[in-house]
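Structural overview for review
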Amino acid sequence: MFPSPSLLIATALAGVHSFALASAAEAPIITPAPTPTIEKRQGVAGGPGTPILSTLHYAYTDLPYQVYPFQVLRGPQFGFNQCNSTTLGQNSNCQTLVFNGPDDFCLWGSPDTNGLIGNVEAKVVAYCTKPYHGTRLIPPGAITGLQWTKTSAYIQVVGFINNTGIGLDPTDSGGELDPHGADLQGNPLGGVVFSNGTADSDGHTLTQVFNWNTFVGGNQFCFKACYNSITDPDYCENRYDLVGCSYNMPSAAKDGEFTECDGDLQEVVGVYTSNGQTLTWSMPDPLTTTPPYTPVIPSSSNCKTYQSTDLFLAAPTSAGGSAAVTGGASASKSGSGAGASTTGKSSSASPVVHVPFAGILAAGVFAVLGGALVL
């Protein structure tokens, strides 16, 4: 028997307030969504009472407490979408992910310690690089390299991270997440993405991204947010979920380097040329062989190179030197590794700041988060 929707919402609210920051008493009160009226689970995605997640569109300032509170199929939603200073912390179940730039982005991670992505894909929560968005925080030093790329159709990041920095088991080889899923409820169910870095935004306003996909695990990650105005071809295709980052988001990312580049568009996943013919590979499930082509890393230009401390909070140090986390688990069976070759020119640059930092990292915030920021 499934618990009533009102009980689920009450439980979620209790969890939210249990880790509210004392220094944020003046923050807006989170108002829950109305109690759902759907009582029966239904089996047809998109049918009566089963809205398709990717068709639910909101302004960032007008998000309901839960985007998907409906008790249908796999529902209701595990976490919540109204995220602010009162929900910030390492117990946050915020499922609103922000993807702005190389210094300010989030990844989906496990709400459970040492979770397996295959077990928690419907309830993953947002982990962010900065304490702006009412989420959990990626610990300093957990990300050890990345390449952020902006193209004419999407923005993406490919990088390296210690699994435990986003709650995953150190040996988890990972998997793919997107706003669709077999039942069109999304993984995570109710998860929404916003950005001020896409062509759909004015550069300041957080605008919803309707089409995105990501891989996490195997101590690597990649995340692509496609522009809403670009639909053909689909560069956020989610059908090739067993071949990982190297095919879905080929990149010049290197562990130990932090770069931001303009990039050419990648080739459409699964489409390749052989003997002068354009062919399309259909991925078998289960995957019994490697794809019949090698992915091409798109050319990049105007690259800037940063130190990790230009982008993120400084990692803890000890007498023996830096304590940056590097991981060391087995590689992803889905092939989510990033490409190793380098393209474009790099140059040193000043720290990038996509969101004002002043006033947010006050002493009170550090006092609350200090213990939570370190693994």
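You'll find the structure just up there.
So, a few notes on the structure that sits alongside this text. Because the structure is predicted, anything quoted here is derived from the model rather than measured.

Turning to the overall build of the chain, a few remarks are in order. The helix and strand tally for the chain stands at five helices and 17 strands. Relative to its 375 residues, the chain shows a buried fraction of 53%. In the chain, the proportion of contacts linking residues at least 24 apart, taken out of those at least 6 apart, comes to 73%.

Bringing the state of the cysteines into the picture now. Here the structure, examined in full by the defined rule, presents five disulfides. Put simply, Cys-261 and Cys-303 are joined by a disulfide, and their sulfur atoms are 2.1 Å apart. Because the torsion about its S-S bond is 115°, the bridge between Cys-261 and Cys-303 counts as right-handed. Of this pair, Cys-261 sits in strand β12 (residues 258–263) while Cys-303 sits in strand β15 (residues 300–306), and the two are 42 residues apart along the sequence. For Cys-303, a relative accessible area of 5% corresponds to the buried category. Numbered by position along the chain, the disulfide-linked cysteines of the chain connect as 1-2, 3-4, 5-8, 6-7, 9-10.

Moving on: the packing of aromatic side chains. In this structure the tally under the stated criterion is 16 aromatic pairs. A centroid spacing of 4.6 Å and a plane angle of 35° characterise the contact between Phe-99 and Phe-223, whose relative ring orientation is tilted. Taken as a pair, Phe-99 in strand β1 (residues 96–101) and Phe-223 in strand β11 (residues 220–226) lie far apart in primary sequence, 124 residues in all. Among the residues examined, Phe-99 registers a relative accessible area of 0% and is labelled buried. Taking the relative accessible area as the measure of exposure, Phe-223 reaches 0% and is therefore buried. When the centroid spacing of 5.6 Å and the interplanar angle of 10° are considered together, the rings of Trp-212 and Phe-223 count as stacked. One end of the pair, Trp-212, is in strand β10 (residues 211–217); the other, Phe-223, is in strand β11, with eleven residues separating them in the sequence. Grouped by ring-pair contacts, the aromatic residues Phe-99, Phe-105, Trp-108, Trp-148, Trp-212, Phe-221, Phe-223, Phe-258 and Phe-312 constitute a single cluster.

The next point concerns the pairing of strand β3 (residues 125–128). Side chains of β3 alternate between two faces, with Val-125 and Tyr-127 and Ala-126 and Cys-128 buried alike. Across four bridges, the pairing between strand β2 (residues 104–109) and β3 is antiparallel. Residue pairing in the sheet places Leu-107 in a bridge with Tyr-127 of β3. The sheet contact formed by β3 and strand β4 (residues 136–137) spans two bridges and is parallel.

Quick look at the sheet that holds β1 now. Within a sheet, adjacent strands bond to each other through the backbone by hydrogen bonds, running parallel or antiparallel. Ordered in space as β4-β3-β2-β1-β8-β9, the six strands form an open sheet in which the pairing is mixed. At either end of the open sheet lies a strand with only one pairing partner, and these are β4 and β9 (207–209).

Taking strand neighbours across the sheet as the criterion, the seven strands line up as β7-β10-β11-β6-β5-β12-β15 in an open arrangement whose pairing is mixed. Edge positions in the sheet fall to β7 (175–177) and β15, since each has one partner strand and no second. On average, each strand axis in the sheet is tilted by 15° relative to the strand beside it, whichever way the strands run. Taken together, the five bridges between β12 and β15 define a ladder with antiparallel strand orientation. The partner of Thr-259 across the bridge, within β15, is Thr-305.

Counting residues in each nonpolar core, the largest one holds 47 residues, and the members touching the most others are Phe-99, Phe-105, Trp-108, Ile-143, Leu-146 and Phe-221. Judged by nonpolar contacts, the second largest core, of eight residues, contains Val-243, Val-269, Trp-281 and Met-283.

Before going further, it helps to examine the environment of Phe-80. Assignment of secondary structure puts Phe-80 in the loop between α1 (5–18) and β1. Spatially, the C-alpha atom of Phe-80 lies 5.6 Å from that of Tyr-65, the residues being 15 residues apart in sequence.

Let us look at the pattern of salt bridges. In total, this model carries four salt bridges according to the counting rule given. Among the salt bridges present, the one from Arg-74 reaches Asp-183, with a minimum N-O distance of 2.7 Å. Here Arg-74 is found in the loop between α1 and β1, whereas its partner Asp-183 is found in the loop between β7 and β8 (192–195), with 109 residues between them in sequence. The partner of Lys-254 in a salt bridge is Glu-257, with the nearest N and O atoms 3.9 Å apart. Residue Lys-254 is classed as partly exposed on the basis of its relative accessible area of 30%. Taking the relative accessible area as the measure of exposure, Glu-257 reaches 35% and is therefore partly exposed.

A few words now on unusual backbone geometry. The amide bond that connects Gly-75 to the next residue, Pro-76, takes the cis arrangement and shows omega of 5°. Its location among the elements puts Pro-76 in the loop between α1 and β1. Backbone torsion omega between Asp-285 and Pro-286 reads 10°, so that peptide bond is classified as cis. Mapped onto the fold, Pro-286 is located in the loop between β14 (277–280) and β15. The phi angle at Asn-275 is positive, at roughly 55°, despite the residue not being glycine.

Our focus in this paragraph is empty space enclosed by the protein. Within this structure, the stated rule accounts for four cavities of 30 Å³ or more. Volume-wise, the largest cavity comes out at about 90 Å³. Taken together, 15 residues make up the lining of the largest cavity; nearest its centre are Gln-147, Thr-149, Gln-156, Pro-250 and Pro-298. Within the residue set of the lining of the largest cavity, elements represented by two or more residues are β5 (143–150) and β6 (154–161).

About the cut-offs
Residues numbered from 1 in each chain as written. Predicted model: local features only at pLDDT ≥ 70, side-chain atom pairs only at ≥ 80, totals over all residues. Heavy atoms only, no water. Helix = DSSP H or I, 4+ residues; strand = E, 2+ residues; numbered from the N terminus. Buried < 20%, exposed > 50% of the residue type's maximum accessible area, 1.4 Å probe, protein only. Contact = heavy atoms within 4.5 Å. Disulfide = S-S within 2.5 Å. Phe/Tyr/Trp six-rings, centres within 6.5 Å; stacked < 30°, edge-to-face > 60°. Pairing = 2+ DSSP bridges. Axes fitted to C-alpha atoms, helices over the stretch in contact; angles between N-to-C directions. Core = buried A, V, L, I, M, F, W, Y, C linked by side-chain atoms within 4.5 Å. Salt bridge = Lys/Arg side-chain N within 4 Å of Asp/Glu carboxyl O. 1 Å grid on protein atoms, 1.4 Å probe; cavity = no way out; pocket = protein on both sides within 12 Å on 5 of 7 lines; lining within 4 Å. Points joined across faces, edges and corners; volume = space filled by probe spheres on them.

In short, the description is geometric, and any link to function would need to be established separately.
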